[in-house]
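Observations on chain architecture
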Amino acid sequence: MSNRFAVAADVQVTLAGVGADLRVRGWSKDEIKINGDGVHYQLSPDGHNVTITASEDCEIAIPSGASLSIGGVGADAKITEVHGDVTIGSVGADLSLREVGNVQIESVGADLRIRQATSDVQIGSVGADVTLHEIGGSVHIEAIGADAYVREIEGGCVINAIGADLVLDLDFKPEHEYSFTAGSDIVCQVSPDANVQFSVVAEDVVVEARDAQTQPLEEGGRKLVTIGEGAAHVKLDSEADVRIVNQTDGRRFFGGAFDIGFDFDFDRVFSETKRDADRARQDAERARDQVQRAADKARRATERAADRAQRDFERMQGGGFNISWGDRARRGFNPGPGRPPMPPRPPMPPMPPRSPMSARDPVAPVAPNEPVSDNERLLILRMVESKQISVEEAERLLAALEGRT
(Lines give C-alpha, C1' and ligand atoms only; values in the text may rest on other atoms or scores of the structure.)
Protein backbone atom coordinates (compact mmCIF):
# COMPACT_ATOMS: atom_id res chain seq x y z
CA MET A 1 0.00 0.00 0.00
CA SER A 2 1.27 3.50 -0.85
CA ASN A 3 0.45 6.76 0.94
CA ARG A 4 1.53 10.22 -0.23
CA PHE A 5 0.78 13.61 1.33
CA ALA A 6 2.21 17.14 1.54
CA VAL A 7 4.15 18.35 4.61
CA ALA A 8 6.35 21.26 5.70
CA ALA A 9 9.93 21.25 4.43
CA ASP A 10 11.28 21.04 8.02
CA VAL A 11 8.75 18.44 9.17
CA GLN A 12 9.44 16.37 12.28
CA VAL A 13 8.92 12.71 11.34
CA THR A 14 8.36 10.26 14.19
CA LEU A 15 8.46 6.53 13.49
CA ALA A 16 6.97 5.06 16.64
CA GLY A 17 7.77 1.50 15.60
CA VAL A 18 8.60 -0.61 12.53
CA GLY A 19 8.12 -4.37 12.77
CA ALA A 20 10.64 -5.44 10.11
CA ASP A 21 13.01 -3.64 7.69
CA LEU A 22 13.03 0.14 7.32
CA ARG A 23 14.31 2.33 4.48
CA VAL A 24 14.19 6.12 4.77
CA ARG A 25 15.56 8.51 2.15
CA GLY A 26 15.42 12.25 1.81
CA TRP A 27 14.25 13.91 -1.37
CA SER A 28 13.70 17.43 -2.71
CA LYS A 29 9.90 17.36 -2.48
CA ASP A 30 7.85 18.75 0.42
CA GLU A 31 5.97 15.49 0.55
CA ILE A 32 6.09 12.18 2.36
CA LYS A 33 5.62 8.93 0.49
CA ILE A 34 5.15 5.67 2.39
CA ASN A 35 5.22 2.19 0.88
CA GLY A 36 4.41 -0.80 3.03
CA ASP A 37 1.71 -2.94 4.58
CA GLY A 38 0.26 -2.35 8.02
CA VAL A 39 1.15 1.37 7.88
CA HIS A 40 -0.68 4.00 9.93
CA TYR A 41 0.11 7.71 10.12
CA GLN A 42 -1.17 10.84 11.80
CA LEU A 43 -0.41 14.31 10.41
CA SER A 44 -0.72 17.57 12.33
CA PRO A 45 -2.94 20.26 10.74
CA ASP A 46 0.03 22.55 10.01
CA GLY A 47 2.03 19.75 8.38
CA HIS A 48 5.00 20.15 10.75
CA ASN A 49 4.63 16.83 12.59
CA VAL A 50 3.76 13.34 11.41
CA THR A 51 3.73 10.08 13.37
CA ILE A 52 4.06 6.76 11.52
CA THR A 53 3.83 3.11 12.58
CA ALA A 54 4.37 0.03 10.40
CA SER A 55 3.89 -3.59 11.40
CA GLU A 56 5.96 -4.95 8.49
CA ASP A 57 8.61 -3.69 6.02
CA CYS A 58 8.40 0.01 5.36
CA GLU A 59 9.99 2.36 2.81
CA ILE A 60 9.60 6.11 3.31
CA ALA A 61 10.64 9.21 1.38
CA ILE A 62 10.70 12.45 3.39
CA PRO A 63 11.92 16.02 2.73
CA SER A 64 15.72 16.15 2.96
CA GLY A 65 15.51 18.95 5.54
CA ALA A 66 13.29 16.93 7.87
CA SER A 67 14.25 15.66 11.32
CA LEU A 68 13.72 11.99 12.05
CA SER A 69 12.97 10.23 15.33
CA ILE A 70 12.70 6.42 15.41
CA GLY A 71 11.50 4.46 18.42
CA GLY A 72 12.40 0.94 17.32
CA VAL A 73 13.06 -1.15 14.22
CA GLY A 74 12.67 -4.92 14.34
CA ALA A 75 15.24 -5.79 11.64
CA ASP A 76 17.56 -3.79 9.33
CA ALA A 77 17.39 -0.04 8.83
CA LYS A 78 18.95 2.24 6.22
CA ILE A 79 18.68 6.04 6.27
CA THR A 80 20.12 8.29 3.55
CA GLU A 81 20.09 12.00 2.70
CA VAL A 82 18.18 13.15 5.79
CA HIS A 83 20.01 16.35 6.74
CA GLY A 84 18.13 17.10 9.96
CA ASP A 85 18.70 15.44 13.34
CA VAL A 86 18.38 11.65 13.38
CA THR A 87 17.45 10.08 16.73
CA ILE A 88 17.06 6.30 17.02
CA GLY A 89 16.02 4.17 19.98
CA SER A 90 16.86 0.62 18.90
CA VAL A 91 17.53 -1.33 15.72
CA GLY A 92 17.32 -5.11 15.93
CA ALA A 93 19.88 -5.92 13.20
CA ASP A 94 22.08 -3.79 10.87
CA LEU A 95 21.91 -0.01 10.62
CA SER A 96 23.36 2.12 7.82
CA LEU A 97 23.38 5.92 7.73
CA ARG A 98 24.67 8.11 4.89
CA GLU A 99 24.48 11.87 4.35
CA VAL A 100 22.73 12.70 7.61
CA GLY A 101 22.94 15.44 10.24
CA ASN A 102 23.37 15.07 13.98
CA VAL A 103 23.01 11.40 15.05
CA GLN A 104 21.96 9.91 18.39
CA ILE A 105 21.47 6.14 18.73
CA GLU A 106 20.72 4.08 21.82
CA SER A 107 21.39 0.55 20.57
CA VAL A 108 22.08 -1.45 17.40
CA GLY A 109 21.80 -5.25 17.47
CA ALA A 110 24.35 -6.04 14.74
CA ASP A 111 26.54 -3.90 12.43
CA LEU A 112 26.55 -0.11 12.25
CA ARG A 113 27.91 1.97 9.36
CA ILE A 114 27.82 5.76 9.26
CA ARG A 115 29.23 7.73 6.36
CA GLN A 116 29.04 11.49 5.79
CA ALA A 117 27.40 12.76 8.94
CA THR A 118 27.68 16.55 9.11
CA SER A 119 27.54 16.87 12.91
CA ASP A 120 28.10 14.92 16.15
CA VAL A 121 27.51 11.19 16.56
CA GLN A 122 26.53 9.74 19.94
CA ILE A 123 25.91 6.00 20.33
CA GLY A 124 25.08 3.78 23.30
CA SER A 125 25.84 0.19 22.28
CA VAL A 126 26.46 -1.75 19.06
CA GLY A 127 26.33 -5.54 19.04
CA ALA A 128 28.84 -6.21 16.24
CA ASP A 129 31.08 -4.14 13.90
CA VAL A 130 31.18 -0.36 13.52
CA THR A 131 32.47 1.66 10.56
CA LEU A 132 32.61 5.46 10.80
CA HIS A 133 33.77 7.54 7.85
CA GLU A 134 33.63 11.29 7.16
CA ILE A 135 32.05 12.55 10.39
CA GLY A 136 31.81 16.35 10.57
CA GLY A 137 31.62 16.57 14.37
CA SER A 138 32.71 14.54 17.40
CA VAL A 139 32.02 10.87 18.13
CA HIS A 140 31.20 9.26 21.46
CA ILE A 141 30.39 5.53 21.74
CA GLU A 142 29.90 3.58 24.95
CA ALA A 143 30.35 -0.01 23.73
CA ILE A 144 31.05 -1.94 20.51
CA GLY A 145 30.71 -5.72 20.49
CA ALA A 146 33.24 -6.57 17.76
CA ASP A 147 35.58 -4.63 15.40
CA ALA A 148 35.68 -0.89 14.80
CA TYR A 149 37.09 1.14 11.91
CA VAL A 150 37.20 4.92 12.40
CA ARG A 151 38.34 7.26 9.64
CA GLU A 152 38.19 11.01 8.95
CA ILE A 153 36.57 12.39 12.10
CA GLU A 154 36.66 16.21 12.28
CA GLY A 155 36.07 16.43 16.03
CA GLY A 156 37.17 14.32 18.98
CA CYS A 157 36.51 10.61 19.32
CA VAL A 158 35.92 8.58 22.49
CA ILE A 159 35.02 4.87 22.43
CA ASN A 160 34.89 3.39 25.92
CA ALA A 161 34.77 -0.33 25.06
CA ILE A 162 35.56 -2.25 21.87
CA GLY A 163 35.16 -6.02 21.98
CA ALA A 164 37.73 -6.89 19.31
CA ASP A 165 40.06 -4.97 16.96
CA LEU A 166 40.23 -1.22 16.36
CA VAL A 167 41.66 0.57 13.33
CA LEU A 168 42.13 4.35 13.51
CA ASP A 169 42.89 6.58 10.53
CA LEU A 170 42.57 10.10 11.93
CA ASP A 171 44.24 13.50 11.84
CA PHE A 172 44.54 14.10 15.58
CA LYS A 173 43.98 17.72 16.67
CA PRO A 174 45.11 19.26 19.99
CA GLU A 175 41.74 20.87 20.77
CA HIS A 176 39.88 17.54 20.86
CA GLU A 177 39.73 14.49 23.15
CA TYR A 178 40.71 11.03 21.91
CA SER A 179 40.36 7.89 24.02
CA PHE A 180 39.96 4.23 23.00
CA THR A 181 39.77 0.94 24.91
CA ALA A 182 39.86 -2.32 22.94
CA GLY A 183 39.73 -6.00 23.88
CA SER A 184 42.11 -6.96 21.08
CA ASP A 185 44.60 -5.27 18.72
CA ILE A 186 44.70 -1.56 17.93
CA VAL A 187 46.26 -0.24 14.74
CA CYS A 188 46.62 3.51 14.55
CA GLN A 189 47.51 5.11 11.23
CA VAL A 190 49.08 8.58 11.39
CA SER A 191 50.33 10.96 8.72
CA PRO A 192 54.11 11.46 8.44
CA ASP A 193 53.76 15.08 9.62
CA ALA A 194 51.53 14.24 12.62
CA ASN A 195 51.83 16.25 15.83
CA VAL A 196 50.53 13.85 18.48
CA GLN A 197 51.43 11.99 21.65
CA PHE A 198 50.00 8.55 22.43
CA SER A 199 49.61 7.21 25.97
CA VAL A 200 49.52 3.44 25.51
CA VAL A 201 48.81 0.40 27.68
CA ALA A 202 49.14 -2.93 25.85
CA GLU A 203 50.86 -6.30 25.95
CA ASP A 204 53.16 -5.12 23.19
CA VAL A 205 53.64 -1.73 21.54
CA VAL A 206 55.06 -1.68 18.01
CA VAL A 207 55.93 1.73 16.55
CA GLU A 208 56.65 1.87 12.83
CA ALA A 209 55.88 5.55 12.26
CA ARG A 210 58.72 7.77 11.14
CA ASP A 211 60.34 10.15 13.65
CA ALA A 212 58.43 8.64 16.57
CA GLN A 213 59.97 8.69 20.06
CA THR A 214 58.98 6.05 22.65
CA GLN A 215 59.32 6.60 26.39
CA PRO A 216 58.23 4.10 29.07
CA LEU A 217 56.36 5.36 32.14
CA GLU A 218 56.40 3.70 35.54
CA GLU A 219 52.75 4.44 36.28
CA GLY A 220 50.43 1.63 35.16
CA GLY A 221 52.91 0.22 32.65
CA ARG A 222 52.13 2.98 30.17
CA LYS A 223 54.32 4.07 27.30
CA LEU A 224 54.43 7.46 25.63
CA VAL A 225 54.86 7.57 21.88
CA THR A 226 55.50 11.10 20.61
CA ILE A 227 55.44 12.25 17.00
CA GLY A 228 56.37 15.85 16.28
CA GLU A 229 55.83 18.06 19.33
CA GLY A 230 53.01 15.87 20.67
CA ALA A 231 50.38 18.63 20.66
CA ALA A 232 47.37 16.30 20.40
CA HIS A 233 46.87 13.67 23.11
CA VAL A 234 45.48 10.20 22.45
CA LYS A 235 44.83 7.42 24.98
CA LEU A 236 45.08 3.85 23.67
CA ASP A 237 44.31 0.92 26.00
CA SER A 238 44.44 -2.62 24.62
CA GLU A 239 44.36 -6.10 26.12
CA ALA A 240 46.53 -7.24 23.19
CA ASP A 241 48.90 -5.30 20.90
CA VAL A 242 49.05 -1.69 19.75
CA ARG A 243 50.69 -0.82 16.45
CA ILE A 244 51.35 2.79 15.39
CA VAL A 245 52.21 3.14 11.71
CA ASN A 246 52.24 5.69 8.93
CA GLN A 247 49.08 5.70 6.87
CA THR A 248 50.45 3.99 3.76
CA ASP A 249 52.09 1.32 5.89
CA GLY A 250 48.85 0.73 7.77
CA ARG A 251 46.92 0.07 4.61
CA ARG A 252 49.59 -2.38 3.49
CA PHE A 253 49.51 -4.08 6.90
CA PHE A 254 45.79 -4.76 6.59
CA GLY A 255 45.97 -5.81 2.98
CA GLY A 256 43.14 -3.46 2.11
CA ALA A 257 40.67 -5.28 4.38
CA PHE A 258 39.54 -1.99 5.91
CA ASP A 259 39.94 0.18 2.83
CA ILE A 260 36.49 1.50 2.05
CA GLY A 261 37.43 2.45 -1.51
CA PHE A 262 36.32 0.13 -4.28
CA ASP A 263 37.32 -0.86 -7.78
CA PHE A 264 34.72 -0.33 -10.47
CA ASP A 265 34.86 0.01 -14.25
CA PHE A 266 33.60 3.50 -15.04
CA ASP A 267 34.53 3.45 -18.76
CA ARG A 268 30.94 2.91 -19.77
CA VAL A 269 29.36 5.47 -17.47
CA PHE A 270 31.89 8.16 -18.37
CA SER A 271 30.42 8.11 -21.88
CA GLU A 272 26.98 8.84 -20.41
CA THR A 273 25.64 11.87 -18.58
CA LYS A 274 26.97 12.94 -15.19
CA ARG A 275 23.68 12.01 -13.58
CA ASP A 276 23.92 8.46 -14.87
CA ALA A 277 27.53 8.24 -13.67
CA ASP A 278 26.55 9.36 -10.18
CA ARG A 279 23.80 6.77 -10.06
CA ALA A 280 26.21 4.05 -11.19
CA ARG A 281 28.66 5.01 -8.43
CA GLN A 282 25.94 4.86 -5.81
CA ASP A 283 24.74 1.46 -7.06
CA ALA A 284 28.30 0.11 -7.00
CA GLU A 285 28.83 1.39 -3.47
CA ARG A 286 25.58 -0.15 -2.25
CA ALA A 287 26.48 -3.49 -3.84
CA ARG A 288 29.94 -3.41 -2.28
CA ASP A 289 28.46 -2.61 1.11
CA GLN A 290 26.14 -5.60 0.89
CA VAL A 291 28.96 -7.96 -0.12
CA GLN A 292 31.25 -6.66 2.61
CA ARG A 293 28.51 -6.95 5.23
CA ALA A 294 27.75 -10.53 4.21
CA ALA A 295 31.45 -11.46 4.32
CA ASP A 296 31.85 -9.87 7.74
CA LYS A 297 28.81 -11.71 9.07
CA ALA A 298 30.14 -15.01 7.80
CA ARG A 299 33.54 -14.39 9.37
CA ARG A 300 32.02 -13.45 12.72
CA ALA A 301 29.71 -16.47 12.67
CA THR A 302 32.68 -18.76 12.05
CA GLU A 303 34.69 -17.19 14.85
CA ARG A 304 31.79 -17.40 17.30
CA ALA A 305 31.19 -21.07 16.43
CA ALA A 306 34.86 -21.86 17.03
CA ASP A 307 34.82 -20.01 20.36
CA ARG A 308 31.69 -21.85 21.49
CA ALA A 309 33.16 -25.19 20.47
CA GLN A 310 36.33 -24.50 22.45
CA ARG A 311 34.35 -23.50 25.54
CA ASP A 312 32.12 -26.56 25.25
CA PHE A 313 35.08 -28.89 24.90
CA GLU A 314 36.83 -27.33 27.91
CA ARG A 315 33.68 -27.69 30.00
CA MET A 316 33.42 -31.37 29.05
CA GLN A 317 37.07 -31.95 29.89
CA GLY A 318 36.40 -30.43 33.31
CA GLY A 319 33.30 -32.52 33.92
CA GLY A 320 30.90 -29.64 33.30
CA PHE A 321 28.93 -31.20 30.45
CA ASN A 322 25.39 -30.01 31.03
CA ILE A 323 24.00 -29.00 27.64
CA SER A 324 21.24 -31.01 26.03
CA TRP A 325 21.72 -32.74 22.68
CA GLY A 326 19.00 -30.63 21.11
CA ASP A 327 20.66 -27.40 22.25
CA ARG A 328 24.03 -28.53 20.90
CA ALA A 329 22.56 -29.49 17.55
CA ARG A 330 20.76 -26.16 17.23
CA ARG A 331 23.91 -24.28 18.15
CA GLY A 332 25.86 -26.05 15.42
CA PHE A 333 28.65 -27.46 17.58
CA ASN A 334 31.99 -27.53 15.81
CA PRO A 335 34.97 -29.29 17.41
CA GLY A 336 37.08 -26.39 16.15
CA PRO A 337 40.37 -26.15 14.30
CA GLY A 338 43.08 -28.61 15.21
CA ARG A 339 40.65 -31.29 16.35
CA PRO A 340 41.00 -34.87 15.00
CA PRO A 341 38.73 -35.72 12.05
CA MET A 342 35.28 -37.14 12.66
CA PRO A 343 35.36 -40.94 13.00
CA PRO A 344 33.05 -42.96 10.76
CA ARG A 345 29.73 -43.95 12.21
CA PRO A 346 30.26 -47.30 14.01
CA PRO A 347 27.91 -50.12 12.96
CA MET A 348 25.35 -51.09 15.54
CA PRO A 349 25.89 -54.72 16.66
CA PRO A 350 22.87 -57.00 16.07
CA MET A 351 20.87 -57.87 19.14
CA PRO A 352 20.83 -61.61 19.97
CA PRO A 353 17.44 -63.28 19.54
CA ARG A 354 15.47 -63.67 22.69
CA SER A 355 14.07 -67.14 23.45
CA PRO A 356 10.67 -67.51 25.06
CA MET A 357 10.87 -67.57 28.81
CA SER A 358 9.37 -70.27 30.93
CA ALA A 359 9.12 -70.84 34.61
CA ARG A 360 12.19 -73.13 34.42
CA ASP A 361 14.44 -70.54 32.70
CA PRO A 362 16.83 -68.99 35.20
CA VAL A 363 17.11 -65.20 35.10
CA ALA A 364 20.68 -64.17 34.24
CA PRO A 365 22.14 -61.50 36.46
CA VAL A 366 22.58 -58.12 34.81
CA ALA A 367 25.90 -56.39 35.33
CA PRO A 368 25.62 -52.72 36.27
CA ASN A 369 26.56 -50.30 33.46
CA GLU A 370 29.61 -48.11 33.86
CA PRO A 371 29.07 -44.33 33.60
CA VAL A 372 29.38 -42.86 30.12
CA SER A 373 32.77 -41.14 29.74
CA ASP A 374 33.28 -37.64 28.39
CA ASN A 375 35.16 -39.09 25.41
CA GLU A 376 32.14 -41.23 24.54
CA ARG A 377 29.86 -38.22 24.82
CA LEU A 378 32.21 -36.17 22.60
CA LEU A 379 32.32 -38.98 20.03
CA ILE A 380 28.52 -39.08 19.84
CA LEU A 381 28.41 -35.28 19.64
CA ARG A 382 30.82 -35.29 16.71
CA MET A 383 28.69 -37.89 14.95
CA VAL A 384 25.69 -35.56 15.34
CA GLU A 385 27.70 -32.60 14.05
CA SER A 386 28.84 -34.52 10.97
CA LYS A 387 25.22 -35.67 10.44
CA GLN A 388 26.15 -39.33 10.68
CA ILE A 389 23.35 -39.76 13.18
CA SER A 390 20.38 -37.63 14.16
CA VAL A 391 19.80 -36.00 17.53
CA GLU A 392 17.15 -38.59 18.38
CA GLU A 393 19.54 -41.45 17.49
CA ALA A 394 22.21 -39.85 19.64
CA GLU A 395 19.84 -39.66 22.60
CA ARG A 396 18.89 -43.30 22.15
CA LEU A 397 22.55 -44.32 21.89
CA LEU A 398 23.42 -42.37 25.02
CA ALA A 399 20.49 -43.91 26.85
CA ALA A 400 21.63 -47.39 25.79
CA LEU A 401 25.14 -46.71 27.06
CA GLU A 402 23.76 -45.51 30.36
CA GLY A 403 21.60 -48.61 30.68
CA ARG A 404 18.28 -46.81 30.50
CA THR A 405 17.02 -48.93 27.58
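Only a predicted model underlies this, so the values are computations on that prediction, with no experimental measurement involved.

Below, the discussion takes up the overall build of the protein chain. In terms of helices and strands, the protein chain carries six helices and 27 strands. The buried share of the protein chain, taken over its 405 residues, is 41%. Sequence-distant contacts in the protein chain: of pairs separated by 6 or more residues, those separated by 24 or more amount to 47%. As displayed, the protein chain offers around 21600 Å² of accessible surface, 49% of which is attributable to carbon and sulfur atoms.

Counted by the stated rule, this structure contains eight salt bridges. The salt bridge partner of Arg 151 is Glu 152, with a shortest N-O separation of 3.5 Å. Owing to a relative accessible area of 14%, Arg 151 belongs among the buried residues under this scheme. Linked by salt bridges that have partners in common, Arg 151, Glu 152 and Asp 169 make up one network.

Our focus in this paragraph is helix 6 (residues 391-402). Across its twelve residues, helix 6 extends 16 Å between first and last C-alpha, which sits within 8% of the 16 Å expected from 1.5 Å per residue. Every buried residue of helix 6 is listed here: Val 391, Ala 394, Leu 398 and Ala 399. Relative to the axis of helix 6, the buried residues are bounded by an arc of 135 degrees and lie together on one face.

The description of two packed helices rests on the angle between their axes and on the distance between the axes. Where helix 5 (residues 374-385) contacts helix 6, the axes come no closer than 9 Å and their chain directions differ by 165 degrees. Accordingly, the angle class assigned to the pair helix 5 and helix 6 is roughly antiparallel. Along this stretch, helix 5 crosses helix 6, giving a crossing that reads as right-handed. Contact residues: Arg 377, Ile 380 and Val 384 in helix 5; Val 391, Ala 394, Leu 397, Leu 398, Leu 401 and Glu 402 in helix 6. For the contact of helix 5 with helix 6, the class distribution of residues is seven nonpolar, no polar and two charged.

Here the focus is helix 5. Counted at 1.5 Å a residue, the expected span for helix 5 with its twelve residues is 16 Å, and the 16 Å between its end C-alpha atoms agrees. Where helix 5 is concerned, the buried positions are Arg 377, Leu 378, Ile 380, Leu 381, Arg 382, Met 383 and Val 384. With its phi angle positive at about 65 degrees, Lys 387 sits one or two positions after the end of helix 5.

Judged by nonpolar contacts, the single largest core of 74 residues is most densely connected at Ile 114, Phe 172 and Phe 198. Residues Met 383, Val 384, Ile 389 and Ala 394 belong to the second largest nonpolar core, which totals six residues.

Reading the values: rules and limits
- Residues numbered from 1 in each chain as written.
- Predicted model: local features only at pLDDT ≥ 70, side-chain atom pairs only at ≥ 80, totals over all residues.
- Heavy atoms only, no water.
- Helix = DSSP H or I, 4+ residues; strand = E, 2+ residues; numbered from the N terminus.
- Buried < 20%, exposed > 50% of the residue type's maximum accessible area, 1.4 Å probe, protein only.
- Contact = heavy atoms within 4.5 Å.
- Areas by Shrake-Rupley, 256 points an atom, 1.4 Å probe, with all protein chains shown as cover.
- Salt bridge = Lys/Arg side-chain N within 4 Å of Asp/Glu carboxyl O.
- Expected span 1.5 Å × (residues − 1).
- Arc of directions from axis to C-beta.
- Axes fitted to C-alpha atoms, helices over the stretch in contact; angles between N-to-C directions.
- Parallel < 35°, antiparallel > 145°, perpendicular 65-115°, else oblique.
- Left-handed = near helix turned anticlockwise from the far one by under 90°.
- Nonpolar A, V, L, I, M, F, W, Y, C, P; charged D, E, K, R; others polar.
- Core = buried A, V, L, I, M, F, W, Y, C linked by side-chain atoms within 4.5 Å.

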